[in-house]
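One-letter residues, chain by chain:
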Amino acid sequence: MRKSLHLTALIFVLALVLVAGQILQRLPADSQPYVEKRYAGWNGVLRGWICAEWSCSGSFVRWLNACAAMFERSHEGVYLEFTEVSGAALGTMGESGIRLPELVFFSPGWTPENGLLVQIDVPAELDPELADCGGGRAIPVAMGGYAWVYNRALCDGAPRAVPEAGALTLLPDDAGRCFSAAAVALLSGDPGMAEQEPALPDAGLDLGLPASAAVELSAELSEDALNAFINGEIAATIVTQLELARLIRLQDAGRGPDWACAAAGSYACADQLLMLGAVHQEDAEGKQREALAAEFAAFLCSEACQAKLTDIGAFPTTQIAAYTARSPYAILEAQLRGGMLCVPIIFSEHSDADGGAILRDFLNGNIDPATALRNLGLEGACYEAPT
């Protein structure tokens, strides 16, 4: 019995030796080239700074992390991490002396020092009206939009032209959003109206305010505009995705007015852009990190990433339709797609124009929509980039 076990063990060892010999014959004498090919290129952590002032209805970092996870799976050894910083920190990042990130996400109005951002290719997927706005130094990866919300109990629909506008109560302009420009764009005369589908059929719905409502062509900018709408004090106002998210939460909780969302206009105000630039790196591996940063920027414009912007209530900068027809967000998206996009000069300080005064001039017929938008710092196709 013992001899039989010894013989079996000997046969098993000989078989292992033969198999090992065949494997060794098939392996290359020097495996280093294969290792280098498998792990070719730079590996490490790419860091991104995000301007905290840009916001949507959800967490922008959550969207970035989801896209980064997909990118990391196809780039072994590469990881991305993101940090929210203030606009002031971005303003001095070239002077701070600390290690700079590879990526920087910012809103229009930032003026980086010369040479801070490297040349970046414009992805073919970008909306043609946005393709040149970064001047080859940055690309838009997400944006916000505007639309009317109106109280169904107080009016038949949202205004679409100046004679129907009446007295407007709007949220005030700030560094990131220009409600004055949004009002001009939404009242710029296109008869087509993107209208939220009602929950029940409503035959004979009139999308224009009744003539009796157009009693005064004036505009008031008020921090309480949204609260006034929620409390039923005003019939309609303009919202972005932020205010829309609040109204939806109230609606889901069975609170607030019976409202709907609508938008029209020959122009679309595209001032809520989130731009992405690749930062110049000084060290020996800088070119590799710059190239990977540019590759990630292009990846954010892919359909896989742009479609996920619905998770955070933002809008694609490509031409895909991300939202379903019954979503209120689809109205803002349709307005961005239907009108001529008016984009601020990206690398220029925000206009200090009096938005309320310009809007009143427009409502009173003293200036046309194009002039009003230009006076508010927006252009249809006028871009400027840092050298």
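Right above here is the structure, for reference.
Cut-off values and rules
Residues numbered from 1 in each chain as written. Predicted model: local features only at pLDDT ≥ 70, side-chain atom pairs only at ≥ 80, totals over all residues. Heavy atoms only, no water. Pairing = 2+ DSSP bridges. Helix = DSSP H or I, 4+ residues; strand = E, 2+ residues; numbered from the N terminus. Axes fitted to C-alpha atoms, helices over the stretch in contact; angles between N-to-C directions. Contact = heavy atoms within 4.5 Å. 1 Å grid on protein atoms, 1.4 Å probe; cavity = no way out; pocket = protein on both sides within 12 Å on 5 of 7 lines; lining within 4 Å. Points joined across faces, edges and corners; volume = space filled by probe spheres on them. Nonpolar A, V, L, I, M, F, W, Y, C, P; charged D, E, K, R; others polar. Expected span 1.5 Å × (residues − 1). Buried < 20%, exposed > 50% of the residue type's maximum accessible area, 1.4 Å probe, protein only. Arc of directions from axis to C-beta. Phe/Tyr/Trp six-rings, centres within 6.5 Å; stacked < 30°, edge-to-face > 60°.

Engineer: Give me the sheet that holds strand β12 (residues 273-278): which residues, what numbers.
Structural biologist: If you walk across this open sheet you meet the 5 strands as β2-β1-β3-β12-β4, and the pairing is mixed. Across the chains shown, the open sheet's two edge strands, defined by having one partner strand only, are β2 (78-85) and β4 (139-143). Each strand of the sheet is rotated relative to its neighbour by a mean of 25°, with strand direction disregarded. Note that β4 and β12 share 4 bridges and pair antiparallel. Residue pairing across strands places isoleucine 139 opposite leucine 276, the latter belonging to β12. Strands in contact with helix α9 (residues 286-300) are β1 (44-51), β2, β3 (103-106), β4 and β12; relative to β12, the strand with the most contacts, it is inclined by about 155°.

Engineer: With reference to specific residues and values, describe the layout of surface pockets.
Structural biologist: For the largest pocket, the calculated volume is near 520 Å³. Every residue lining the largest pocket is counted, 29 residues in all, and those nearest its centre are Asp174, Ala175, Cys178, Asp271 and His350. Of the residues assigned to the lining of the largest pocket, the class counts are 12 nonpolar, 11 polar and 6 charged. Here the second largest pocket is characterised by a volume of approximately 260 Å³. In terms of lining residues, the second largest pocket is bounded by 14 residues, among which Cys51, Gly87, Pro108, Gly109 and His350 are the most central. With 3 residues, helix α4 (residues 87-91) is the single largest residue contributor to the lining of the second largest pocket. For the lining of the second largest pocket, the per-class residue count stands at 6 nonpolar, 7 polar and 1 charged.

Engineer: Before we move on, could you go through helix α3 (residues 60-73) and cite the residues and values that matter?
Structural biologist: With 14 residues, α3 extends 20 Å from end C-alpha to end C-alpha; this agrees with the ideal 20 Å at 1.5 Å per step. Turning to α3, its buried residues number three or more, namely Phe60, Val61, Trp63, Leu64, Cys67, Ala68 and Phe71. In a view along the axis of α3, the buried residues occupy a sector of 150°, so they form one face of it.

Engineer: Outline the packing of aromatic side chains, listing residues and values.
Structural biologist: Counted according to the given criterion, the structure contains 12 aromatic pairs. The interplanar angle of 20° and the centroid separation of 5.4 Å between the aromatic rings of tyrosine 323 and tyrosine 329 together place this pair among those described as stacked. With respect to class, tyrosine 323 is no different from tyrosine 329; both count as buried. Cluster of aromatic residues (ring-pair linked, three or more members): Phe60, Trp63, Phe71, Phe82, Phe105, Phe296 and Phe299.

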